[in-house]
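Letter by letter, the chains look like this.
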Amino acid sequence: MMGELVILWTDALIFMLVLFSMAFGIYAAGKEHLRGPWGLVVRSRVGVSTLVILSFYVVVGLLDSVHFHPLLDSKDQAGQQTQSAEVISLFDYLVTPLRERQEKTYSAPLATHLYAKESIELASGEVVRDFPRLTFGGAHLENPEQEWSRDIWRLTGIGVLKGLLVSVVVTNILIALLAGRWKTSFGAVAKVLIKEETTVPWRVLLATLSSVILVLFWSIELSSQYHILGTDKVGEDVFYQALKSIRTGLLIGTLTTLVMLPAAILLGIMAGYYRGWVDDLIQYTYTTLNSIPGVLLIAAAILMLQIYMSNHADEFNSLVERADLRLLFLCIILGVTSWTGLCRLLRGEAMKLREVDYVQAAVAFGVGHFTIIVRHILPNVLHIVLITVVLDFSGLVLAEAVLSYVNIGVDPTMNSWGNMINSARLEMAREPVVWWSLLASMLFMFVLVLSANLFSDVVRDAFDPRLRSSR
Amino acid sequence: MSDILLKVKNLQTWLGEGDRPVRAVDGVDLTIRKGETFALLGESGCGKSMTALSIMRLLPPAGRIKGGQVLLGKTSLLDLPEFAMREERGGRMAMIFQEPMTSLNPVMTIGQQIGEAVRIREGVDKESRDLRIIELLNSVGIPDPERRVGEYPHQLSGGMKQRVMIAMALAGRPELLIADEPTTALDVTIQAQVLNLLKTLQQQTGMAILLITHDLGVVAEVADRVAVMYAGQIIEVAESERFFRLPQHPYSQKLFQSLPDSNKRSQRLAVIQGSVPALNQIFTACRFMDRCHRAFGDCHTAPEWTALSDDEGVRCHLSEQPELLQSEVIQQESHQPIASGVGQAPLLDVEDLKVHFPIHKGVFKRTVGYVKAVDGVSLTIAPGKTLALVGESGCGKTTVGKGILQLVKPTEGRVTFETDELTTLSSRALRSRRSELQIIFQDPVASMNPRMLVSDIIEEGMKAQKIVRDSAQRRARVMELLEQVGLPADSASRYPHEFSGGQRQRICVARALAVDPKLIICDEPTSALDVSVQAQILNLLKSLQLSRGLAYLFITHNISVVAYLADEVAVMYLGRIVERGSVDLLLAEPKHPYTQALLSAVPVVESTSRRTVIRLEGDMPSPANPPTGCHFHPRCPIAMEQCRTAYPELRPLPDGRLVSCFKVEDGL
């Protein structure tokens with residue numbers, strides 16, 4: 001199955017980010033001021049349920065970030081299995097049927113026939129113009145008109161049943177684990193959970209998890225026989241496209257922050273702490289940068305990159321690598337245009353902190369500037385960094401959609417919600433209207449952005465000292 | 001009785017939800033008569049502000065009134081609907097707050113803000129409204145009210161803003177004025193003005209004042225009756241005169257004993273052990289029992305209110321045996337007499353120190369002038385001695401401290417510490433000398449990084465100064481220091497927010513001691529603390545001075561602390577020292593008119609030593625634009641022609657002190 005691993009730039013960065021967050025998690029667990037607010041986050045109902053949904057997205061995105069050359073069935077002269085020149089991800093491999101079952105052109109969600117009439121030659125040799133049957137969608141039905149609705153219900157039933165079964169198993173495992181940790185009986189834990197007398201709202205967590213599992217199994221079951229969100233112009237499954245776009249959205253939302261953080265933190269704190277000419281220089285830099293329209297910068301950078309890529313086409317082994325480089329550059333250029341906001345916030349905060357008594361006391365002890373910044377200023381602005389990162393995430397996901405819509409976003413060959421919306425522009429003008437591409441991308445983006453926004457609200461409430469004291 | 005204005009019965013206010021709400025006010029009874037000044041006295045967190053807010057029904061969102069009755073005249077306030085309650089607030093009763101800076105809207109002129117209050121009470125006729133605004137401003141003693149109505153709050157000084165607040169409160173001609181720490185944020189000379197104003201207004205309008213304060217001195221100055229609050233309950237109510245002569249409750253007695261003054265110089269101050277109990281519990285024993293020096297068996301049951309006369313009473317089991325209730329005189333263990341440091345070379349010698357902050361203006365940030373925060377200060381401190389630097393806020397005393405430590409770069413002048421000239425040392429050389437000069441700040445909350453453990457905080461200086469390189473030894477030293485300042489050893493692995501204000505200040509002291517300094521600059525180390533806690537810190541500072549031979553530069557505005565702790569006093573006004581001398585001489589017989597006014601404005605507890613207050617008109621001028629000649633002449637009651645043109649030099653007097661005043665030179 002798996003041939004040689006291909007590590008794309010963004011893959012490497014995203015796994016670095018995962019490692020970094022894990023390291024931060026371990027560091028935070030030892031620090032009361034960081035652990036406390038996170039405790040508040042997981043104690044909030046909105047917090048845990050959005051966390052479940054977000055982690056579903058993250059799992060898909062991470063699975064989609066392990067790339068490799070798949071092995072082919074044929075063998076070369078040396079008896080070795082040959083591998084395809086194509087690069088696919090672990091996620092692609094898991095949903096191979098979705099990826100490979102291509103229709104001819106548009107078909108509506110759960111349809112059995114194409115969306116366009118074609119000349120069909122009947123067995124009798126007669127040629128009629130009608131909607132032809134799909135190659136894969138509902139292909140197992142003998143007589144679609146009569147069997148279709150019953151088949152949908154049957155698959156739904158099976159999906160829900162499987163989903164329920166898995167949810168029950170998961171719930172029981174969790175209760176057993178909790179019982180082991182709290183050292184009480186299984187029944188006692190279950191009773192406490194149902195009455196919701198726990199500090200962490202396990203009931204809400206389980207309810208969300210169960211619904212996610214239900215939806216998951218339902219769609220697995222249906223998509224095994226149908227295209228649940230239809231197919232696009234070239235007959236590709238829209239559900240698959242929307243799922244693949246998750247990685248793009250997540251990458252833009254997180255890597256951009258990774259790019260901007262060092263600059264924003266370093267420059268912001270330096271400007272606020274040293275004041276004087278350092279402050280002037282940094283302030284002028286970001287005011288200048290801020291006064292250039294961001295879209296203009298992004299367009300210029302992306303167009304330049306496009307020219308470079310077309311002049312050096314031989315440097316890229318595959319289309320995926322090419323698209324990946326463009327994605328990375330998009331992240332970088334978005335980062336370059338978006339660090340100023342956080343930088344300004346941090347400058348103000350550092351300016352306030354440098355006059356605070358404990359910093360003055362440290363100066364009176366003869367502590368060096370670097371140590372003061374690392375030990376006294378940085379830990380006391382971390383909450384601002386965290387709040388900004390979480391709040392910016394959803395904005396960046398939406399920004400990607402807008403940029404791809406005007407063709408200066410990710411590569412057109414790459415799956416992204418923005419590209420889907422972009423192509424839907426023409427589909428909406430068609431008669432009859434093809435609405436499912438737009439709907440699918442909106443639905444996936446909406447769920448992600450809404451949960452990210454709700455989650456960031458919870459995080460901000462937990463970390464913002466002013467909000468905390470007023471409660 | 002018909003003259004009762006406000007009657008509060010068994011008021012209970014809870015804060016927060018959940019199974020353990022904070023019972024901030026737990027069964028408070030009080031009565032206020034028409035036209036009297038009733039002081040509610042208590043330490044921070046005892047529920048006195050919550051009582052006032054409950055009466056006004058202005059509780060924060062987390063608070064709710066659980067029970068009780070509040071009668072204003074015949075109206076039961078707690079039963080009124082909100083719209084009727086709005087009529088009462090600002091109508092028959094009004095409130096002024098501690099922070100005049102944040103109580104006024106910065107984007108409205110004061111005329112508009114007072115006008116708003118007047119319009120609600122008196123209708124909308126614009127002309128009569130304008131007249132009323134002027135009349136109100138006049139009545140609170142704001143000079144030139146016609147011009148002032150068009151000014152914005154930032155153009156007024158703190159004292160002026162508090163007057164505007166009072167004027168707004170008076171707009172509805174209230175019968176009851178609730179003043180929540182009205183002078184705590186103000187300087188003593190301004191405090192004297194405001195207290196005086198309140199008294200005058202009371203005489204004119206016959207309103208009653210509920211004065212909430214923690215300052216015994218303020219109570220002594222203005223109150224007719226006093227109620228002492230402790231942990232959500234009133235524990236003693238008394239006529240002011242009797243209260244100060246013969247406090248009944250052990251807590252009240254201890255409060256008096258813990259006040260520092262010059263007579264107690266050779267003793268340790270009395271302290272109340274421990275801290276105020278958490279109010280989120282149900283008390284079965286007396287709330288003060290754990291801290292009481294006279295607790296006995298009966299105290300395990302909560303004491304009932306014992307009325308001593310019509311409107312006096314006490315909540316203590318001792319009151320059941322009146323002969324026991326009398327204050328017993330406790331002999332405090334005394335300090336060793338301080339070894340004389342005369343004849344030794346000065347540890348610190350500051351000569352003509354100037355710190356000027358440039359004022360920038362315009363696009364190119366040209367310097368258009370200087371704020372002369374410190375303008376030529378000279379002082380010396382001998383090893384093991386304490387010099388107190390006294391002055392009102394904004395006079396530059398904190399900047400002197402920071403200038404000596406080189407936390408702000410002095411513009412001019414010399415700071416000689418032992419043999420080194422600190423102003424010219426390279427930053428590397430300065431860094432290595434830092435261990436010998438340390439600082440303790442006013443606000444114990446802000447002076448420790450909330451993200452660091454106590455042990456890391458204390459170790460920081462040792463690490464930076466490379467005093468103890470071995471981490472195990474450093475650890476041991478942290479334990480030793482914690483013990484010295486009287487904190488348990490397990491404090492080391494906790495965070496600063498887990499400690500009370502007094503304990504935090506102890507940690508700050510330990511941190512300063514960690515590098516073995518010879519001089520500690522104490523920047524108002526007790527002004528954020530309650531009286532009983534202040535006594536603990538003062539005791540600690542004094543005993544450390546004796547055992548380690550520390551010298552202190554004690555920056556404060558609290559004269560009684562000066563009297564207790566200092567050997568020498570320097571009085572600052574607008575960036576310059578106006579009088580300097582030994583503490584006995586200076587406090588007993590101040591020569592400079594500013595020192596005289598400052599000392600007379602300090603509210604004193606003992607009625608015998610009450611002097612006539614020399615009222616200073618106006619506020620301290622801005623150090624960006626000091627008056628010509630003697631800085632003090634615009635406010636000086638004895639200014640002469642000469643004072644307007646020349647600044648008097650600091651001249652020595654025969655008794656050894658230095659004074660900068662022409663009158664004194666002339667021999668008065």
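Residues numbered from 1 in each chain as written. Chains lettered and ligands numbered in written order. Predicted model: local features only at pLDDT ≥ 70, side-chain atom pairs only at ≥ 80, totals over all residues. Heavy atoms only, no water.

Caption draft 1: The arrangement of the pairing of strand 16 (residues 412-417) of chain B in detail. Residue and element names in this part refer to chain B. The pairing of strand 13 (residues 348-361) with strand 16 spans 5 bridges and is antiparallel. Residue pairing for strand 16: Leu 348 is matched across the bridge by Phe 417. As paired strands, strand 16 and strand 17 (residues 420-421) are joined by 2 bridges and run antiparallel to one another. Residue Thr 416 lies in a different strand from strand 17, and its bridge partner there is Glu 421. The turn joining strand 16 and strand 17, which pair antiparallel and follow one another in sequence, is formed by 2 residues; a positive phi near 55 degrees is taken by Glu 418. (Pairing = 2+ DSSP bridges. Helix = DSSP H or I, 4+ residues; strand = E, 2+ residues; numbered from the N terminus.)

Caption draft 2: Structural view of the sheet that holds strand 10 (residues 233-239) of chain B. All names here are of chain B. Strand order in the open sheet formed by 8 strands is 6-7-8-3-9-10-12-11, with mixed pairing between adjacent strands. The open sheet is flanked by strand 6 (93-96) and strand 11 (306-309), the only strands paired with a single partner. On average, each strand axis in the sheet is inclined to that of its neighbour by 25 degrees, with strand direction left out of account. Where strand 3 (residues 37-41) lies against strand 9 (residues 225-230), 4 bridges are found, and the strand directions are parallel. Considered in strand 9, the bridge of Leu 41 is made with Val 228. Contacts between helix 7 (residues 158-170) and the sheet are confined to strand 6 and strand 7 (176-180), with strand 6 contributing the most and set at about 170 degrees to the helix. (Axes fitted to C-alpha atoms, helices over the stretch in contact; angles between N-to-C directions. Contact = heavy atoms within 4.5 Å.)

Caption draft 3: Region of the structure containing the side chain of B:Glu312. All names here are of chain B. Within the fold, Glu 312 resides in strand 12 (residues 312-314). A residue is classified by how much of its surface remains accessible, and Glu 312, at 12% relative accessible area, is buried. A distance of 2.8 Å separates a polar atom in the side chain of Glu 312 from the backbone nitrogen of Glu 239. Of note is the side chain of Glu 312, whose polar atom sits 3.3 Å from the side chain of Arg 242. When neighbours within four sequence positions are excluded, Glu 312 is seen to be in contact with Val 237, Ala 238, Glu 239, Arg 242, Thr 306 and Ala 307. (Buried < 20%, exposed > 50% of the residue type's maximum accessible area, 1.4 Å probe, protein only. Polar contact = N/O pair within 3.5 Å; in protein donor to acceptor, adjacent residues only side chain to side chain.)

Caption draft 4: Main features of the nonpolar core. Ranked by internal contacts, the top residues of the largest apolar core, which has 61 residues, are B:Leu348, B:Leu379, B:Leu389 and B:Ile404. The element contributing the most residues to this core is strand 21 (residues 568-573) of chain B, with 5 residues. Once residues within four sequence positions are removed from consideration, B:Leu348 is found in contact with B:Leu379, B:Thr380, B:Ile381, B:Ile404, B:Val415, B:Thr416, B:Phe417 and B:Leu519. Listed in part, the 49 residues of the second largest apolar core include A:Leu98, A:Ile152, A:Ile228 and A:Phe444. (Core = buried A, V, L, I, M, F, W, Y, C linked by side-chain atoms within 4.5 Å.)

Caption draft 5: Summary view of the domain arrangement of chain B. Taken domain by domain, chain B holds domain 1 (4-92 + 174-325), domain 2 (108-172) and domain 3 (348-665). Between the C-alpha centres of domain 2 of chain B and domain 3 of chain B the distance comes to 38 Å. (Domains from an automatic or database assignment.)

Caption draft 6: Main features of a positive patch on the surface. There is a patch of like positive charges on the surface, built from B:Arg428, B:Arg431, B:Lys466 and B:Arg469. Mapped onto the elements of the fold, B:Arg431 is located in helix 14 (residues 427-433). (Patch = residues over 30% accessible without salt bridge, like charges linked within 9 Å, V, L, I, M, F, W, Y side chains within 5 Å. Areas by Shrake-Rupley, 256 points an atom, 1.4 Å probe, with all protein chains shown as cover. Salt bridge = Lys/Arg side-chain N within 4 Å of Asp/Glu carboxyl O. Lys, Arg positive; Asp, Glu negative; His and termini not counted. Charge placed at Lys NZ, Arg CZ, Asp CG, Glu CD.)

Caption draft 7: View of helix 11 (residues 250-258) of chain B. The element helix 11 of chain B is extensively covered by neighbouring structure, given that 8 of its 9 residues are classed as buried. Buried within helix 11 of chain B we find B:Pro250, B:Tyr251, B:Ser252, B:Gln253, B:Lys254, B:Leu255, B:Phe256 and B:Ser258.

Caption draft 8: Region of interest: the pattern of salt bridges. All names here are of chain B. For the structure on display, the rule yields 48 salt bridges over all chains. Here Arg 477 and Asp 516 are joined by a salt bridge, their closest N and O atoms 3.8 Å apart. With Arg 477 in helix 16 (residues 471-484) and Asp 516 in the loop between helix 17 (501-513) and strand 19 (519-523), the pair connects residues that are 39 residues apart, well separated along the chain. Assessed through its relative accessible area of 46%, Asp 516 is described here as partly exposed. Through salt bridges with shared partners, a single network forms among Glu 418, Asp 420, Arg 433, Glu 436 and Lys 518.

Caption draft 9: Spotlight on the interface of chain B and chain A. With 26 residues of chain B at the contact, the number on the chain A side is 22 residues. Summing both sides of the interface, chain B and chain A together bury roughly 2,200 Å²; the carbon and sulfur share of this comes to 55%. The interface formed by chain B and chain A includes 1 salt bridge. Where chain B packs against chain A, one counts 11 residue pairs in polar contact (both at pLDDT 80 or more). Here the element with the most residues in the side of chain B that touches chain A is helix 15 (residues 454-465) of chain B; it accounts for 5 residues. A class-by-class count of the residues in the side of chain B that touches chain A yields 12 nonpolar, 5 polar and 9 charged. (Buried area = accessible area lost by both parts, 1.4 Å probe. Nonpolar A, V, L, I, M, F, W, Y, C, P; charged D, E, K, R; others polar.)

Caption draft 10: Examining the state of the cysteines more closely. All names here are of chain B. All chains considered together, the criterion is met by 0 disulfides over all chains. Lacking any disulfide linkage, Cys 636 is separated from the closest cysteine sulfur, that of Cys 661, by 6.0 Å. Assessed through its relative accessible area of 15%, Cys 636 is described here as buried. (Disulfide = S-S within 2.5 Å.)

Caption draft 11: View of a nonpolar patch on the surface. All names here are of chain A. On the surface, Val 46, Leu 443, Phe 446, Val 447, Leu 450 and Leu 454 cluster together into a nonpolar patch covering about 480 Å² of accessible area. The element that contributes the greatest number of residues to the nonpolar patch is helix 16 (residues 436-463), accounting for 5 residues. Structurally, the position occupied by Phe 446 is in helix 16.

Caption draft 12: Expanded view of the packing of helix 12 (residues 319-354) of chain A against helix 14 (residues 369-405) of chain A. Residues and elements named next belong to chain A. One can describe the packing of helix 12 onto helix 14 by two numbers: an axis separation of 10 Å at closest approach and a directional angle of 150 degrees. Classified by the angle between their axes, helix 12 and helix 14 sit roughly antiparallel to one another. The chirality of how helix 12 crosses helix 14 is right-handed. Along its contact with helix 12, which presents Leu 330, Leu 334, Leu 342, Leu 345, Leu 346, Glu 349, Ala 350 and Leu 353, the element helix 14 presents Ile 377, Asn 380, Val 381, Ile 384, Val 385, Thr 388, Leu 396 and Leu 403. (Parallel < 35°, antiparallel > 145°, perpendicular 65-115°, else oblique. Left-handed = near helix turned anticlockwise from the far one by under 90°.)

Caption draft 13: Up close: unusual backbone geometry. Residues and elements named next belong to chain B. Here the phi dihedral of Arg 57 falls at roughly 55 degrees; this positive angle occurs in a residue that is not glycine. Mapped onto the elements of the fold, Arg 57 is located in the loop between helix 1 (48-56) and strand 4 (63-72). Of note in this structure, Glu 418 is not a glycine but carries a positive phi near 55 degrees.

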